[in-house]
Amino acid sequence: MILTKTVAITLALTTLSPANDTLKQQLDALVKTKAAAAVLVRVSADGKDWTAAAGYRDMTSRRPADARGHFRIGSVTKSFVATVVLQLADEGKLSLDDQVAEHLPGALPEGSTITVRQVLGHTSGLFDYAGAGIPGWSIRDFRPVETLYDQMPQELLAVGLSRPPYFKPGGGWHYSNTNYVVAAMLIEKLTGGTYADAIKSRILRPLGLTHTYLPGHDTSMPRPYAHGYALVKGKAVDATRVNPSLEYGAGEMISTTADLARFFDALLSGKLTSASALKQMRTTRPAGEGMGYGLGLQEFEVSCGKSVYGHSGGVFGYLTYALRSDDGRTLVLSANPYTGEVPADALDKALTSVFC
């Protein structure tokens, strides 16, 4: 479907600051250039929220996208998982420097010295089961049939363990979704329930995040939502319905801009963990492309010298950034890539508009 020249924009507030007006124009441009089918954004500061949506719910009806819409948050899930693990550490149920094998005997190869801290910080060396290296498992390549299959955590972990590690535990840094399969399994072992139940009881319900979901094996999306698209043989196809069990604790969750803004505000203002735990989450190491990585948190340096913390997520049809500065300003941005990748400088422009 060819995009028309008219781009639908819906605004929650009619009064825009110059910065938000600039951000709105950036969203408009992403849709006009067909880089995205839809873009949702929320800026929260000083107790006020500004929200906007550009583009379409789907490319057939071309109904305007809804700023309140749901979307798959991908790896932003990792911040929720890491928060629960840090809460368990605060409660004395484990130590970050415990070896994973103490709590999950037999899950990793015999003699493994990988620690909980290394899992949360991507310094374990575990091979990424969802990377591009294993045909049929990459979450970067949409496969209309295969992405509907049911997967179990043990299967995901087995795929990650089927390849040699990137390095010895603690010997480097490499982003690996396998780490957060292990982290979610740890939560289940220590709580006696599912990791989804732990996130619901410890984070979602206390914060009133009523539009955030852990769908498990459910392929549907709560309404309203904008459809996600992926390129298959050069053609954009609908990639909205996937089986999120392929992601598990590495990226299965669904949320909204409002819920993600509330979560990161609570987390980074110290309402979900001890001060010591939060400090460890925020202690980052260089992770390439101007990013630092802590324990389930990413740090981005903005052009004006500020640092913002949160997480990004990319999954079939959806790209998410949820970031907060220490002065309490929060940006949540969700884009649905369409005929090509969202420009690499789009995030930098958005960060500059909001935080500078």
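Because the structure is predicted, anything quoted here is derived from the model rather than measured.

### Some remarks on the nonpolar core
With 118 residues, the main nonpolar core has Phe80 and Leu120 as its most contacted residues. Setting aside its immediate chain neighbours within four residues, Leu120 contacts Ala82, Val85, Leu86, Leu96, Tyr180, Ala183, Tyr293, Gly294, Leu295 and Gly296.

### Looking at the side chain of Thr219
Looking at the secondary structure, you find Thr219 in the loop between α7 (195-207) and β5 (229-232). Apart from residues lying up to four places away in sequence, Thr219 is in contact with Arg72, Leu148, Thr240, Arg241, Val242, Asn243 and Pro244.

### With respect to empty space enclosed by the protein
Leftover empty space is mapped by rolling, across the atoms, a probe with the size of a water molecule. Enumeration over the complete set of coordinates arrives at one cavity of 30 Å³ or more. Together, Arg72, Thr147, Val242, Asn243, Pro244, Leu246, Glu247, Gly251, Glu252, Val315 and Phe316 line the largest cavity. Classifying every residue of the lining of the largest cavity by side-chain character gives five nonpolar, three polar and three charged.

### Points about unusual backbone geometry
With omega at -5 degrees, the peptide bond leading from Arg223 into Pro224 counts as cis. In this fold, Pro224 is placed in the loop between α7 and β5. Here the phi dihedral of Asp46 falls at roughly 55 degrees; this positive angle occurs in a residue that is not glycine. The topology assignment puts Asp46 in the loop between β2 (36-45) and β3 (48-55). Of note in the backbone geometry, Tyr248 takes a positive phi value of approximately 50 degrees without being a glycine. Counting through the fold element by element, Tyr248 comes out in the loop between β6 (235-238) and β7 (254-255).

About the thresholds
- Residues numbered from 1 in each chain as written.
- Predicted model: local features only at pLDDT ≥ 70, side-chain atom pairs only at ≥ 80, totals over all residues.
- Heavy atoms only, no water.
- Core = buried A, V, L, I, M, F, W, Y, C linked by side-chain atoms within 4.5 Å.
- Buried < 20%, exposed > 50% of the residue type's maximum accessible area, 1.4 Å probe, protein only.
- Contact = heavy atoms within 4.5 Å.
- Helix = DSSP H or I, 4+ residues; strand = E, 2+ residues; numbered from the N terminus.
- 1 Å grid on protein atoms, 1.4 Å probe; cavity = no way out; pocket = protein on both sides within 12 Å on 5 of 7 lines; lining within 4 Å.
- Points joined across faces, edges and corners; volume = space filled by probe spheres on them.
- Nonpolar A, V, L, I, M, F, W, Y, C, P; charged D, E, K, R; others polar.

Function-wise, these values are silent; they only describe arrangement.
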